[in-house]
Amino acid sequence: MVVSCTSQPYSQGHAIYTAHCEGCHMEDGSGLADLIPPLDSSRLTLSDPSKLVCLIRKGLPFNTFTGQQMPSNTSMTDVELANLINFLGVEYGLNPQTIKVTEIKKMLAACQSE
Ligand code: HEC
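The rules behind these values
Residues numbered from 1 in each chain as written. Predicted model: local features only at pLDDT ≥ 70, side-chain atom pairs only at ≥ 80, totals over all residues. Heavy atoms only, no water. Phe/Tyr/Trp six-rings, centres within 6.5 Å; stacked < 30°, edge-to-face > 60°. Buried < 20%, exposed > 50% of the residue type's maximum accessible area, 1.4 Å probe, protein only. Donors = N, O, S within 2.8 Å, 3.2 Å for Na, K, Ca; no water. Tetrahedral: all angles 85-135°; square planar, octahedral: opposite > 155°, others 65-115°. Helix = DSSP H or I, 4+ residues; strand = E, 2+ residues; numbered from the N terminus.

*Asks:* Could you give an account of the packing of aromatic side chains, naming the residues involved and the relevant values?
*Replies:* Under the defined criterion, the tally for this structure stands at 4 aromatic pairs. Between F87 and Y92, the ring centres sit 6.3 Å apart and the planes meet at 90 degrees, which makes this aromatic pair edge-to-face. Accessibility assignment for this pair places F87 and Y92 in one class, buried. By way of ring pairs, the aromatic residues Y10, Y17, F87 and Y92 are connected into one cluster.

Listed below in structure tokens is the structure:
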């Protein structure tokens with residue numbers, strides 16, 4: 001990992017991951033057998049962060065095959081979303097990138113109108 005002045009958003013992203021994602025996707029993002037998918041680069045759709053923003057905000061419907069559901073995160077702020085997504089990119093993705101809060105706002109507006 002590149003250590004730079006962005007390490008503070010990184011640690012906020014990590015804390016948000018611990019609070020909101022780790023319980024299901026595990027500390028190392030490996031998921032849980034057939035029930036919870038691992039967070040690897042094929043799943044994270046980091047090439048299209050707008051999908052990830054909508055996924056985290058809205059969650060996923062109940063899956064009748066696994067009996068699992070991913071909850072929505074309606075109270076997460078735009079800054080928290082940005083830090084979480086940037087953390088995921090560094091930690092689990094293949095293409096770390098920095099998404100700005102203004103971009104998050106646009107992505108959220110787009111996924112709400114779907
Ligand atoms: C209560 C458990 C739970 C929590 C908490 C949770 N997830 Fe999930 N997540 C799931 C399940 C279950 C699925 C697969 C749903 C399905 O089978 O359709 C999933 C799927 C995903 C996927 C893959 C989506 C795809 O299209 O393949 C990603 C990425 C993801 N979660 C990220 C996150 C992130 C980031 C957080 C934290 C903000 C989070 N999840 C919190 C249960 C959870």
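*Asks:* Before we move on, could you go through the coordination of the iron atom of the ligand and cite the residues and values that matter?
*Replies:* For the iron atom of the ligand, every protein donor is listed as H25 (NE2) and M70 (SD), and the spread of their distances is 2.0 to 2.2 Å. Viewed at the metal, the 6 donor atoms of the iron atom of the ligand are separated by angles of 85 to 180 degrees, and the geometry they form is octahedral. Of this pair, H25 sits in helix α2 (residues 22-25) while M70 is found in strand β2 (residues 68-70), placing the two residues 45 residues apart along the sequence. Judged by relative accessible area, which is 11%, H25 ranks as buried. For M70, a relative accessible area of 23% puts it in the partly exposed group.

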